[in-house]
Structure formats: C-alpha cells, structure tokens
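Residues per chain are reported as follows:
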Amino acid sequence: MLKALEKIRRLEKELDKKKTGQEIKDFRIKLHSNSTITVFVLYDNTKPDLQGLAGKDEKIDINWITREELEEDSYYIATFNKKEVVDLGSRRRFANLIEIADKEEIESCPIINFYSYKGGVGRSTTLAIFASYYAIKYEKKVVVIDCDLEAPGFINFYGIDYEETGKNGIVELIVNSQFTDKKPDLRQDYTIEVSKEFSGNGSIFIMPSGNLSTQLDLSDYLEALARIDLSSTTTIRKQFKEVIEHINDEFKPDIILIDNRTGFNDVFGVLGFMFSSIIVGFFGNNRQTRPGLHFFLDTLYKIKGDTSFILVNSILPNSPYSRARKFESEIENYLQQAIAEKLDSIPTFYTYGISRNPSLEDIGNPSEDPNVFKEFVNTDISRDYLELFEKMTELIDQYNQDKKEGKEEQPILPFIEKDPGEIRRIILNNLHDHFPEPYGESIKIDREFLDSNFYFRKCMEDIFNFDKFLLIGGKGTGKTVLYQALKNDLFFDSLKEKARKKDIPFDVINVISLQQEKQEFKFLEMDNLYVDSKKPQFTIFYKRFWVTYIWNAVMLEQKKTGYNSSFKVEEIKNDADTARRFLSIIDDDEKYIQVEAELNLLDNILKEQNQYLLLLFDQLDIIVKPHEWSEGIAPLVNYWRGRPFNRIFGKLFLRRDLFNKMGGLTNKELLRSQAINLEWNTEEMFAFFFKPVFHYSGEHFFQLMKYWGEIPGETIDEIRRIVQNRANFFQLPPEQKLLEPVVDTFFGKYFQSKTYPGYQARSITKKNETYSWFYLNLKNADDTISLRPFIDLIKFSVDRALKDSSLEKNVKPILPADFFISGTVRAEAVNRHFKDIASEKGNEDLKCIIEYIQGKRIPDNLRYINLYRDQLEKLLRLIIDKNPQLKNKNIDGLTKILIDSGIIREQHLTGGRKRYSFAFLYKYFLGLRG
Amino acid sequence: MVLKEYSEASKRHLQACEVLLAHLDAHSTQGKKRALQETFYLTGYIFECIYKYAIYMLIGYDPQKPVHKLDENGLSYNRIKTHDLQILKDELDSRISGNIPFIKHEDGIDNSTITLYKKWHPNFRYQALRDIDEDGIRKFFDWSKRTREKILENI
C-alpha cells in the first residue's frame, strides 16, 4: 500500500464531510510526481480548522482559495473543472500514453502486433512461422519490426548471420531522423531481407530493434535508446507513425508484423498497440503471466475501436483445447470482474491454445536446423497453429475489406424486386407476428407449428436412450414444454423419426399431472402423508411412496397398457383420502409386494409384446418441497438408477439448481453421464430463433443475404437447401459455420459498443463480434444461457425497430445493434426471465431481494456488480431487516439461493476472501454500477 | 527562498500580465506599447519560474530547503539559476512526462510565438522590443498560461 495514496483516501473522506457540512465549498487533491500532496480548498469567508488533517512529518501543502482567486487563475479553474476529486498526476513514464485522446489514424497496410508480457511464451517463434506461412501460402510481402527494445532478438530467426549484416534498426532510424531530414533508405540501411527459402513466392523483410553487431554499435544503440523520449505521447507517436509511413512508402507491404515484449512500463510496445489492426497476446500457463494478462486486457479496452484481439494461451504441455477453454473462462471472468462494468457490454474476443512442439524449440538457436522450420511451415504445420493463422488471415482480409468499402464505390448489386429497406420491414413484421415463444406451454401442437416454430433439439432425441433417465435443466430450458409435448402423438412421432427410432414402439405416460385435461388427475404432495405424524426417517418409506405412486399412475392408464389391476384403482388426488390409501399400501407389506408384483408383471407383458413404456416425471418440486429433496427425491432417482424393469423406463425432469444441491445420492458425478443436459448453447439459441424467420420470410431473407453480397453464394445455397427440406425439420443444425452467416445478415457481423459514461473523459467505442456478444452478455452467473432473455431482447428490439422510421433505409443489417444494446431494452428483457425464476418453488425470497435492489433503496456503495463478502452481507442484512417476510432467513441461505438461481457467482480469492459477482445479464435490470 | 515561491512568482507575473492586457485600451498609443513591452518581459518570467519550480519538484527537492542549496541529482544551483529558457528546457525535458508545449513539442504554436519565445531574455528589462505586435504578444502570453497549466498538471 502506498502511504501517500492511503493519506489521500483519508483526506478525501474528511474533506467530503466538511463539504457536506458546508464548512468548505469544494476541494481537489493532487498527488505530485515527487509524491508530495497539494490540497486545494475552496472556501467562502472563514477558513475552517484543518489542523490534524496533515500529519507533522507529511508533505502536504494546503492551498486556500477564494472564489475570486479561483476565477483569476486558469490552472485553478482547470483543476476544479475536473469531475474527479483526486488527481494522481502524471506518472514518470508510460501512463499518459494510454490515454485515448489524440488518436491518429494511419495510412497503412494491416499491422499485427504480437505481444507478450514475459519472454519464453513462443511469441517470436509464432511470429516467425506466421510470417513465413503468410509469405509462402499467400505470396505476400511481409515486414517484421522487432520492437522488443530491451531484449532484441528477432534477427536470430531464418538463419540470418546478423553480425555480418550489421544493419541498423528502428531505434537508430528514429534518432537519425531527428538529425537529418534526408529520407532514409530502409532497404539499404535498416532492414534485412529473409532468404526465399523461408518466404517462397512472397518476401519477408526484418527491421531489427537496433544494430548490436559490434561493441561500438551496441554502445550507439544504447545511446540512441536513451535519447528516445518515452514520456511524451506526441513526440513518440509521431516518430513511430513516421516509421510506419516510411515502411509503407518504400516496401508497399501486405502486412506489418510487430514483435513486442512489453512489461508494465514500456511505452514503446503500448504505443505499438495504438496503430495495430490486430493484436495477438501470448500468455503462458502459469500465474506469473496473470498480471500481464490483466494489464493487457485493461489496456486493450482503452484503445481504439476497430482493433481485433486474439489471446493465445501458449506453449501448453498437453491437451491444448481443454486448457485453452480454461484460459478463455479466466478471461471472461476478468472481463466481467474488472472491465465490463466500465463498458456497456462484455466485449468479444478470440482465444486459441498452442501446444509445446519439441521440433520448434531449437528455432532461433545456434543449434537450429533450418529444414525443421521450413518443413513445419510447408507441410507439418499443426492444427493449433493453423487455426490461429487462419483466424489472423481472416481478420486481415476483413480489415482490407472494411478499408476498401470506405473508399471504393459499391459494386453493382444483384437485382431485387423490392427496396432492401422494405424487405427488412417485411421480415421484421413477419417475425413480430410469429414470434417464437420459448414457453408455449399452452400452445397447440400441430403440423404447422412443428414446421414453423418448434425447434427440435439434439438432446431431445436422447429421450429414447435407455441409459439416460434424468433430464436436467434450469428455468427456461424448456423442460415443461418438452414434458407436455411428449404427450402429443404428432410431436412424439416426429421426434422418433428425427432420432431414427421410428421402428421402436414406445408409449408414454405422464406420472405426474396437475391438469385434469384429457387425463386423470395424478398429483399428491408428499407431506400429505405425514401431516400429523413426524417426518418419516426411513429411506424405505420414500421408496415405497414412489413405487406406489408409479403403480397408481400406470394403472390409471389401462387404455394404454391394456393391463388391469387386481386393486380398485382410483385417481391420485391431493387429499387425505389418497394419502390414506397410499399409506395403507406403504405400511402393509402384503399389499406393497402385490403392487411391486403388478408392475413386474406389466413389464413382462410389455416384453412379450415388444413394447416400451416411458414414464415421465415433471414438476417434482410440487410433490416434494425443494428443501426435502434429499429425503424425498433422492430415493426416486436411486430407484430408476437401479434399472428395475426391462421395458419400463423412468424419465425424471429435474431442476438443475435442485439437483445440484440434492443430497442422498452416491457418486453424483457418475449420474451426470446418465443425464440429458437441457441447457441451451449459443448455436441452438440462434437456430431456434431463425426457424420461424426462415419459415415466414425465408425468400426475403435470402434475397437480402445475396443482395448485400457478404456471404458466399454457395453458403447461401447450402443454408437454403437445409431449411427448405422437411427431412431437416426446416431448421438449421446447431453448427456455427451455418449459423454465423445467418446471424451476420440479421444482426450484423460487428457492431460498436461504448464505454460506460464517466470511465474515460471521451467515450471509446469497441468493435464487437455479434455472434459471441449474445452469449457473453446474456449468460447466467453459472455460465449457462437462458433462452427467455435472448428471445425477449430480440422481441423488444423488433418492436422498437418497427416503430423507427429509419428502418426503411437501405442499411445493413436487418436488425441493427442499436436496437438490442440499449440499456432499457436489456433491462426489460430480463424482467420475464427473472419472474420465471422467482416463481419457482423455493425461490420466493428472491423476489424480495431483487425488488429491494431495484427499488434503489440501497446505498450507492452496495449497488455494484462485484461485491466482497462483507459488502454482500451488509446488503443482505439490510434487505432482511427491511422485509418482514425475510425475518427468519439467514444470509447464507439467501446467498445460496442467489447462486443456485444463476444470479450471482461466488469466487474464492487468495487469503480466504470471497467475491460475489452479479451476472452481467442483470446489470441494467438491477441498475448496478461499476 | 523555497521552491514554492517559484510557482507563486510565476502566478504573480501571470496576474500582472492579465491586468496589463485588460487595460490596454485605456492607454495612449505609447502607453499601450509600454504595457505590451512589459507584458512580453513578464511573460518570459512566467516560463522561467514555472520551469524552475517543475525541475525542483521533479527531483524531489525538500519543499522546506532553500533553493540555493541545490546540489543533488547532478544539478547545482549554479546551473539552475540561469535565465536561459533553453537550458532550463533541457533539464526539464528529461524529467517531465506529458505533452507539454515548448518542452515536448511545438505543435499548434505560431512561428511568431516561437520567435518571441526564443528571443526572450532578461536583458529586455534594459532594452526595448522592436516591432511590438499586440496580437503576437497576446498569443505569447496565452501560450505561457497553457504551458504553466500543463506543467502543473504533470508534476
């Protein structure tokens, strides 16, 4: 902790009090670069007593200013005009560079910056390989600048004998340009051309950091380095820009690659960021690189908007994909924790993993065999590198494309019968009239509905898999819709057809039925059975309860099974009579054995008839209260886990949050392999949404897709073929390569988001990739995604768009981002989703908590996306105290509900501290701040 | 004298210039010339004083210690007591960061202002400035204000 900063925080608090008490008018605190402090106090008539504010030995200067004096001094005016009360002043080195002010555009080919915070993470090697790959494969001209000024070394690649060449580098170039106005000859004096062996039909030129070949050169290099003023943005920026312009002018390269190792304090590398179109950051797999990663991410979001970022988790010992996934989630976490609260949405990014490759380890070393490098680039290039390089190539093309669009005239577009603006309106109007409803529980399932709106999910087909008896999903995953739909013959047959199980004769019985529609009432709350007595302690009681329940439910379906019970079979009702009947079986061994025997007999009959029976259980939280699931539901799970029958299969629809906290199950992890995961992913979410779009506006959609000319014709044809084919159920499979072009056409490939007001003096826009933006910004705190907020977000945006007069204009895309990134729409979109969660059994308290936060009755210092444990406790304590309904609740219990419902996430920090973060989804809904 | 007095002196000169410029039209042509001449002369001191203040601040000089006792960080009082803005600029340039006019760049500054800046010397207390141009001197003064603000912001 810095003493001066600690002091400043105290001063701020004290002076704030004096200001509130009107003892002073206003104040500002400034920390100087020599770590002394000046306090500017604006006062009216009498100077209040500030004795004690400054310690005896502390270097604090108090500047008393009257209103009149303030108005006379432009420095005072500037000081008090700043919104921030504390000014930490300028740092000795690079910090000022990271201001986004004075951004300069540069006329250049794409510049790719290869950054790493530490060495030894494969940055330069990857750059060298990419330069070769790009030069050979695409026959391009590449210029590499070694900007690792503190430890230059790029010239060791490509078998160059550097000492022989004795070329100058970027450092000498900058300093020499100050001395003479003569245009430098880069080819002659400042670059080295790489042998064609490494560049094929393209070419590679390297501009070293500097000339280190002789003792004298080295001493000149250090002298030059000391003369570059790293403290003034204007100067260094201008010099760097000139270098880039010289390179473009003389070489006319296709790309410039910058090799850049930069710790916290190196301006040059940070500056390189500002001119880059693509920044590739390399991070190793250990904790040491974490500060660098955070610094990198912080910096990225302060620089210009149209830069693309790729983060590479490099030199991984094994399993690069799973490690890269972990890396990705670490980044997501950090973005959410530290940066996203300053931005209006979580920005999108790309991650890749690169594994250790022993054959590359000697590259750049004296023992290097140049053939290994060449072979790697030409033939042996591994999949991880290739994927990274393809992405980079795609982004380079995209950059060039964007630039061209800004300059050249639009190409002649294919003829379409209507104006594109009019077509957009038709598509959105159709969507408005046939909006996909994720919870169409009361919807009529007919052929038209299945063809137009219902999205058949891959996981649904697993209902016919005998090994999977659990269906686990959170609120809004469509558990109940599926449960209801399975009763429908048309749907059931279609699903069988899709799962290629058409020839297997299945029958379905809903064991639990709350509605008396077309079928018998089958619903009994378990605690009816022990209303007056104590809660039963024996597992056997619960097992018998369920066997009895199953038996009763199945026997009610005589028409389906053709089986006649020897007992008198009555409806299952939620009353004392049914409870007594159940108890009479549970408590009587003879009767119970007979019940079991009847079920076994039925199973045998089904086997003889080659029939299968699926028993579906939904809404179990109504039969057994959520807090009693460990006793009441675990025995049912264990029962079906034991595969009691050959032809009768239980299918249990379980709420994810309740399953997660349910006890009484051994080897729970193993159970997950027997579960169908009903959670949605980004692909399914999009595929679901676009099904009705294609059904009602397919031709118009394809017309625009073609007209705008961004998607290759063959891709459009392939998509059209799929969605027009009944065998595909008129829907796209959940595959990114098919969905991305569709998403890009509808929502646009990229859009700009803005920083949160107050974060920077000027607003910065960030380029976002729409496809991944939705997931990053709509996911729950547990990383799952709910369909409802997505669908509602689009629904409200479409409503708004239809009211907007600019819709008729011929502008891409169909639904521009302005409509769906607005805070109001995003807050609105969470509303129904939250109500659904809060209406779940066991979640009653959520409503009180959330309404309280929304009601803006909590102090501002608790209204944050991220809270430490003590802050969360304070918040919940406050809510408990103000809500009579929560009188008997404790903080741990409420925290758990918030976590289990995916609203907040708990994180363990070092030193045993805990941090809680609200899902970004709730930011606008709850009015949370950064 | 302690380092803070440099800053105060620069401010005093600045306020004096403001008074002079505010009442220009109240004078006869000759009086106006004299006021402009004094404004030019004082403006140079705004630069000088604020440069000196910044240098002392940036080397972490004890705020209570008399400035003439300077002998640290390779700097002596003999070096710093100069009125030569170029020498002071060199000392300041290597120590300060930020985009400070005259120190780090001359972007946006008129050539005539740069000429006045380079021309300035305390000898103008004895000699008269030829070609007195009101607009040029106002600009010179404005730039001294901006430079002072920028320096104060960055130390």
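### Comments concerning the packing of aromatic side chains
Now for step 1: Under the criterion given, the structure shown has 89 aromatic pairs over all chains.
Now for step 2: Summarising the aromatic geometry, the rings of A:Tyr115 and A:Phe296 are spaced 4.9 Å apart at their centres and angled 15° between planes, so their arrangement reads as stacked. In this pair, A:Tyr115 sits in strand β5 (residues 111–116) while A:Phe296 sits in helix α12 (residues 290–300), placing the two residues 181 residues apart along the sequence. A:Phe296 matches A:Tyr115 in its accessibility class, with the two residues each being buried.
Now for step 3: Each ring, one from B:Tyr56 and one from B:Tyr61, has its centre 4.9 Å from the other, and the planes form 75°; the classification is edge-to-face. As far as the burial class goes, B:Tyr56 and B:Tyr61 line up, both buried.
Now for step 4: A cation over a ring is seen here: A:Arg457 above A:Trp680, with NZ or CZ 3.9 Å from the ring centre.
Now for step 5: Above the ring of A:Tyr592, the side-chain terminus of A:Arg544 is found at 4.4 Å from the ring centroid.

### Re the nonpolar core
All names here are of chain A.
Now for step 1: In terms of nonpolar packing, the biggest core is built from 114 residues, with Phe689, Phe690, Phe701, Phe746, Phe747 and Phe774 touching the most fellow members.
Now for step 2: The element best represented in this core is helix α29 (residues 682–708), accounting for 14 residues.
Now for step 3: Discounting chain neighbours no more than four positions away, the residues touching phenylalanine 689 are Leu431, Phe435, Pro436, Phe746, Phe747, Phe790, Ile791 and Ile794.
Now for step 4: Core analysis: the second largest hydrophobic core is formed by 86 residues, Ile512, Val547, Val554 and Val624 among them.

### Observations regarding the environment of A:Gln619
Now for step 1: Along the chain, the position of A:Gln619 falls in the loop between β15 (612–617) and α24 (620–623).
Now for step 2: As a C-alpha pair, A:Gln619 and A:Lys479 span 140 residues in sequence and 9.4 Å in three-dimensional space.

### What about the side chain of A:Ser132?
All names here are of chain A.
Now for step 1: Locating serine 132 in the fold gives a position in helix α4 (residues 123–138).
Now for step 2: Residue classification places serine 132 among the buried positions, given a relative accessible area of 0%.
Now for step 3: Residues contacting serine 132, with those up to four places away along its chain left out, are Lys137, Tyr158, Phe198, Ile204, Phe373 and Val377.

### Thoughts on the packing of α29(A) against helix α30 (residues 713–723) of chain A
Residues and elements named next belong to chain A.
Now for step 1: Across the interface, α29 lies against α30 with an axial gap of 11 Å and an inter-helix angle of 170°. By the angle between their directions, the pair α29 and α30 is classed as roughly antiparallel. The residues of α30 that touch α29, namely those facing Phe694, Glu699, Phe702, Met705 and Lys706, are Ile716, Asp717, Ile719, Arg720 and Val723.

### Overview of the confidence of the model for chain A
Residues and elements named next belong to chain A.
Now for step 1: On average, residues of chain A carry a pLDDT of 84, and 90% of them reach 70 or more.
Now for step 2: Predicted confidence for residues 92–103 stays below pLDDT 50, and this span has 42 contacts to residues more than four positions away or in other chains.
Now for step 3: A low-confidence stretch, residues 755–763 (pLDDT under 50), is modelled with 21 contacts involving residues beyond four sequence positions or located in other chains.

### Focus on a negative patch on the surface
Now for step 1: Taken together, the side chains of A:Glu68, A:Glu69, A:Glu71 and A:Glu72 make up a negatively charged region of the molecular surface.
Now for step 2: Mapping A:Glu69 onto the fold places it in helix α2 (residues 67–72).

### As for the environment of A:Arg788
Residues and elements named next belong to chain A.
Now for step 1: Along the polypeptide, arginine 788 turns up in helix α33 (residues 787–803).
Now for step 2: By relative accessible area, which is 6% here, arginine 788 ends up buried.
Now for step 3: Separated by 10 residues in the primary sequence, arginine 788 and leucine 778 have C-alpha atoms spaced 9.9 Å apart.

### Points about the interface of chain B and chain A
Now for step 1: Each partner contributes to the interface: chain B provides 24 residues, whereas chain A provides 27 residues.
Now for step 2: With both chains or domains summed, chain B and chain A bury close to 2100 Å², and 38% of this area falls on carbon and sulfur atoms.
Now for step 3: Three residues stand out in chain B for area buried against chain A, namely B:Ser97, B:Asn99 and B:Glu153, and they jointly supply 22% of the buried area on that side.
Now for step 4: Here chain B is connected to chain A by 3 salt bridges.
Now for step 5: Taking the shortest distance from any N to any O, the salt bridge between B:Arg148 and A:Asp73 comes out at 3.2 Å.
Now for step 6: Summed over the shared surface of chain B and chain A, the result is 8 residue pairs in polar contact (both at pLDDT 80 or more).
Now for step 7: Residue assignment for the side of chain B that touches chain A shows that the elements contributing at least two residues are α1 (4–22), α2 (29–58) and α6 (134–153) of chain B.
Now for step 8: In terms of residues, the side of chain B that touches chain A owes the most to one element, α6(B), which gives 5 residues.

### Here we look at the sheet that holds β15(A)
Residue and element names in this part refer to chain A.
Now for step 1: Reading across from one edge, β14-β15-β16-β13-β17 is the order of the 5 strands in this open sheet, with parallel pairing throughout. Each end of this open sheet is capped by a strand with a single partner; those strands are β14 (506–510) and β17 (675–677). Each adjacent strand pair in this sheet contributes to an overall mean axis angle of 25°, direction not counted.
Now for step 2: Inspection of the sheet shows β14 paired to β15 by 5 bridges, in the parallel sense. Looking at β15, one finds that aspartate 507 is bridged to leucine 613.
Now for step 3: Its contacts with the sheet put helix α20 (residues 539–555) on β14 and β15, and the angle it makes with β15 is roughly 120°.

Parameters and conventions
Residues numbered from 1 in each chain as written. Chains lettered and ligands numbered in written order. Predicted model: local features only at pLDDT ≥ 70, side-chain atom pairs only at ≥ 80, totals over all residues. Heavy atoms only, no water. Phe/Tyr/Trp six-rings, centres within 6.5 Å; stacked < 30°, edge-to-face > 60°. Helix = DSSP H or I, 4+ residues; strand = E, 2+ residues; numbered from the N terminus. Buried < 20%, exposed > 50% of the residue type's maximum accessible area, 1.4 Å probe, protein only. Lys NZ or Arg CZ within 6 Å of the ring centre and 35° of its normal. Core = buried A, V, L, I, M, F, W, Y, C linked by side-chain atoms within 4.5 Å. Contact = heavy atoms within 4.5 Å. Axes fitted to C-alpha atoms, helices over the stretch in contact; angles between N-to-C directions. Parallel < 35°, antiparallel > 145°, perpendicular 65-115°, else oblique. pLDDT = per-residue confidence, 0-100. Patch = residues over 30% accessible without salt bridge, like charges linked within 9 Å, V, L, I, M, F, W, Y side chains within 5 Å. Areas by Shrake-Rupley, 256 points an atom, 1.4 Å probe, with all protein chains shown as cover. Salt bridge = Lys/Arg side-chain N within 4 Å of Asp/Glu carboxyl O. Lys, Arg positive; Asp, Glu negative; His and termini not counted. Charge placed at Lys NZ, Arg CZ, Asp CG, Glu CD. Buried area = accessible area lost by both parts, 1.4 Å probe. Polar contact = N/O pair within 3.5 Å; in protein donor to acceptor, adjacent residues only side chain to side chain. Pairing = 2+ DSSP bridges.

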